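# Residue-level structural notes
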Amino acid sequence: MSLFDNTNRMKTNLDLIVEDLLKTKKFSRLGKDYVEIFLLSFLNKNKFKKERMLIRNLDYRKLVKNAAYKRFLKIVKRVLHATYGVFQVKDAEKREAILNLMKKAKDEDTFKNEHYEMLHTHSSSRERMEYYPEVYRKIFSICGKPNRVIDIGCGMNPFSLIFIGFNNFDYVCFEFVSKDIELVNEYFKYFGKKIGINGRAEFYNAFKNDYPETAISDVCFFFKMVDVIEYGSKRHRRTEAFIKGINSKFIVVSFATKTVSAKIMNNPRRKWFEVMLNRLGHPYDYFEIDNECFYVVKKSF
C-alpha cells in the first residue's frame, strides 16, 4: 500500500469499498486481505489513474454517486467474478455444515459421502468428482509417489485426497479465499491422522509470482488456474513466469475441455502451452478426462 499510506481518506475509502464488495454474496468468502490486494492491483495501473484520484480525494458518500467510480467498480466486480465467482456454486455456503457432518460420521461410507458433498460445492471439483481416482492414478504413474505435494488455487481439492491411493506425505495447498483456508485447516486438524496426510492450507495471491518458501515440492497441482492468472494479461507471460519460478520436480497443469456454455471444444489441447514447454525444455505427458485435460510437466533443473 505504499502509494496510499499517507492518505487517511484513501485508506478509509478503500476499507469501505472492500466492505461493500464483501457484502456481495458470491464474494463474501474471499476475505478482506485478498479483496484489498485485488483492488490495489487495479488502482496501481496507469489506466485507472483518474479513479485512484477520485478515491483519494472524494468523500465516500460522494464517491459512490460518481459515474466514473461506478464504471470502475463494475469492472472490478466483473474481473472478480471471472477469476473467482464463476467457480462457486450455491452450495458453497454449506461447506462448514458439511465439515461438521464429517466430524459426526459414524462409518466410512458416511465419511466418504460427505467428501463427495464437499467436492460438489465447487464447480471444478464437482466436474472431476467421479474422475479423481483415475486422475491421481495417471498423474502418479508418471511422477511416482511424492513426499510433498503442493496445490495452488486448490479450491476443494483437499477433500479429494481420500481418493489419491496412498498416504504418508506432506500436502500444502494455497488459496486466496480466507474462509476456505480456515475450512481446510480445520479438516486437516481433525482428519489428517485418520487419512494419513500431513496437510495444511496457506494464503496465496494468485496474481503475484512471489511464491512462498513453502511452495517447494515433488509435485505441484495447478488445476484450471492458467485462465485465472492470465486474465487481462497478454502472451501468456504469467504462465511462463509460473512454470519457470515454481520449485517442483513435476507440475500438473489442467485446462477445461468445454466452453463456459458446456460445449465440447474442437481442439482441447493448448498448442501454445506445448510450444512454450518445448521452448523451455520441459518434457510432458498428456491425458484427458471427460471435461478436463492434463499436462504432467517434468521440470529440468
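None of the values given here were measured: they were computed from a predicted structure.

### Some words on the overall build of the chain
Counting secondary structure elements, the chain contains 13 helices and seven strands. Within the chain, the proportion of its 301 residues that are buried is 50%. Expressed as a percentage of contacts within the chain between residues at least 6 apart in sequence, the contacts between residues at least 24 apart total 67%. Surface accessibility of the chain: about 15300 Å² in total, with carbon and sulfur atoms responsible for 49%.

### Comments concerning the packing of aromatic side chains
Applying the stated rule across the entire model yields 26 aromatic pairs. Geometrically, the ring pair formed by Phe-174 and Tyr-204 is edge-to-face, given 6.2 Å between the ring centres and 70 degrees between the ring planes. Note that Phe-174 is positioned in strand β2 (residues 169-175) and Tyr-204 in the loop between β3 (197-203) and β4 (216-223), a separation of 30 residues in sequence. Each member of the pair, Phe-174 as well as Tyr-204, carries the same accessibility label: buried.

### A look at the pattern of salt bridges
All chains considered together, the criterion is met by 14 salt bridges. A salt bridge links Asp-59 to Arg-61, with the nearest nitrogen and oxygen atoms 3.2 Å apart. Of the residues examined, Asp-59 reaches a relative accessible area of 26% and is grouped as partly exposed. For Arg-61, a relative accessible area of 65% corresponds to the exposed category. Between Lys-249 and Asp-218 there is a salt bridge whose closest N-O contact spans 3.3 Å. Placement of Lys-249 in strand β5 (residues 247-256) and of Asp-218 in strand β4 is noted, with a sequence separation of 31 residues between them. Classification of Lys-249 by relative accessible area gives partly exposed; the value is 47%. Several salt bridges converge on common partners, so that one network encompasses Glu-240, Lys-244 and Arg-279.

### Topic: helix α1 (residues 8-22)
An ideal rise of 1.5 Å per residue puts 21 Å on 15 residues; α1 measures up with 21 Å between its terminal C-alpha atoms. Those residues of α1 not exposed but buried are Met-10, Asn-13, Leu-14, Ile-17, Val-18 and Leu-21. The arc that holds every buried residue of α1, seen down its axis, measures 135 degrees, which confines them to one face.

### Quick notes on the nonpolar core
Residues Met-102, Ile-139, Phe-140, Phe-159, Tyr-171 and Phe-221 are the most contacted members of the largest nonpolar core, which totals 43 residues. The greatest single-element share of this core, amounting to seven residues, is contributed by helix α10 (residues 178-195). In terms of nonpolar packing, the next biggest core, distinct from the first, is built from 28 residues, Leu-14, Val-35, Phe-42 and Leu-54 among them.

### Some details on the sheet that holds β2
The strand order β3-β2-β1-β4-β5-β7-β6 describes an open sheet built from seven strands, whose pairing is mixed. This sheet does not close on itself; its edge strands, each paired only once, are β3 and β6 (284-289). The mean inter-strand angle of the sheet, taken between neighbouring strand axes irrespective of direction, is 20 degrees. Strand direction decides the pairing type here: β4 and β5, joined by seven bridges, are parallel. Directly across from Phe-221, in β5, lies its bridge partner Val-252. Of the strands in this sheet, β2 and β3 touch α10, which is tilted by about 170 degrees from β3. On top of the sheet, helix α13 (residues 271-280) reaches β5, β6 and β7 (292-298); it is set at about 5 degrees to β7, its chief contact.

### Thoughts on a positive patch on the surface
On the surface, a cluster of positive charge is made up of Lys-45, Lys-47, Lys-234, Arg-235 and Arg-237. By secondary structure assignment, the location of Lys-45 is in the loop between α2 (32-43) and α3 (49-57).

### Describing the environment of Asn-205
Looking at the secondary structure, you find Asn-205 in the loop between β3 and β4. Asn-205 sits in the buried class, given a relative accessible area of 9%. Not counting residues within four places of it along the chain, the set of residues in contact with Asn-205 comprises Tyr-34 and Ile-37.

### Some points on the packing of helix α6 (residues 95-104) against helix α7 (residues 108-119)
The geometry of α6 relative to α7 is characterised by a closest axis approach of 9 Å and an angle of 170 degrees between their N-to-C directions. Our classification of the angle between α6 and α7 gives roughly antiparallel. Only Phe-111, Glu-114, His-115, Glu-117 and Met-118 of α7 make contact with α6, whose side of the interface consists of Arg-95, Ile-98, Leu-99, Leu-101 and Met-102. Partitioned by chemical class, the residues of the contact of α6 with α7 number six nonpolar, one polar and three charged.

### Examining the confidence of the model for the chain
Per-residue pLDDT for the chain has a mean of 86; in total, 88% of the residues score no lower than 70. Low pLDDT (under 50) marks residues 1-6, which in the prediction has 13 contacts with non-local residues, meaning those over four places away or in another chain.

Rules used throughout
Residues numbered from 1 in each chain as written. Predicted model: local features only at pLDDT ≥ 70, side-chain atom pairs only at ≥ 80, totals over all residues. Heavy atoms only, no water. Helix = DSSP H or I, 4+ residues; strand = E, 2+ residues; numbered from the N terminus. Buried < 20%, exposed > 50% of the residue type's maximum accessible area, 1.4 Å probe, protein only. Contact = heavy atoms within 4.5 Å. Areas by Shrake-Rupley, 256 points an atom, 1.4 Å probe, with all protein chains shown as cover. Phe/Tyr/Trp six-rings, centres within 6.5 Å; stacked < 30°, edge-to-face > 60°. Salt bridge = Lys/Arg side-chain N within 4 Å of Asp/Glu carboxyl O. Expected span 1.5 Å × (residues − 1). Arc of directions from axis to C-beta. Core = buried A, V, L, I, M, F, W, Y, C linked by side-chain atoms within 4.5 Å. Pairing = 2+ DSSP bridges. Axes fitted to C-alpha atoms, helices over the stretch in contact; angles between N-to-C directions. Patch = residues over 30% accessible without salt bridge, like charges linked within 9 Å, V, L, I, M, F, W, Y side chains within 5 Å. Lys, Arg positive; Asp, Glu negative; His and termini not counted. Charge placed at Lys NZ, Arg CZ, Asp CG, Glu CD. Parallel < 35°, antiparallel > 145°, perpendicular 65-115°, else oblique. Nonpolar A, V, L, I, M, F, W, Y, C, P; charged D, E, K, R; others polar. pLDDT = per-residue confidence, 0-100.

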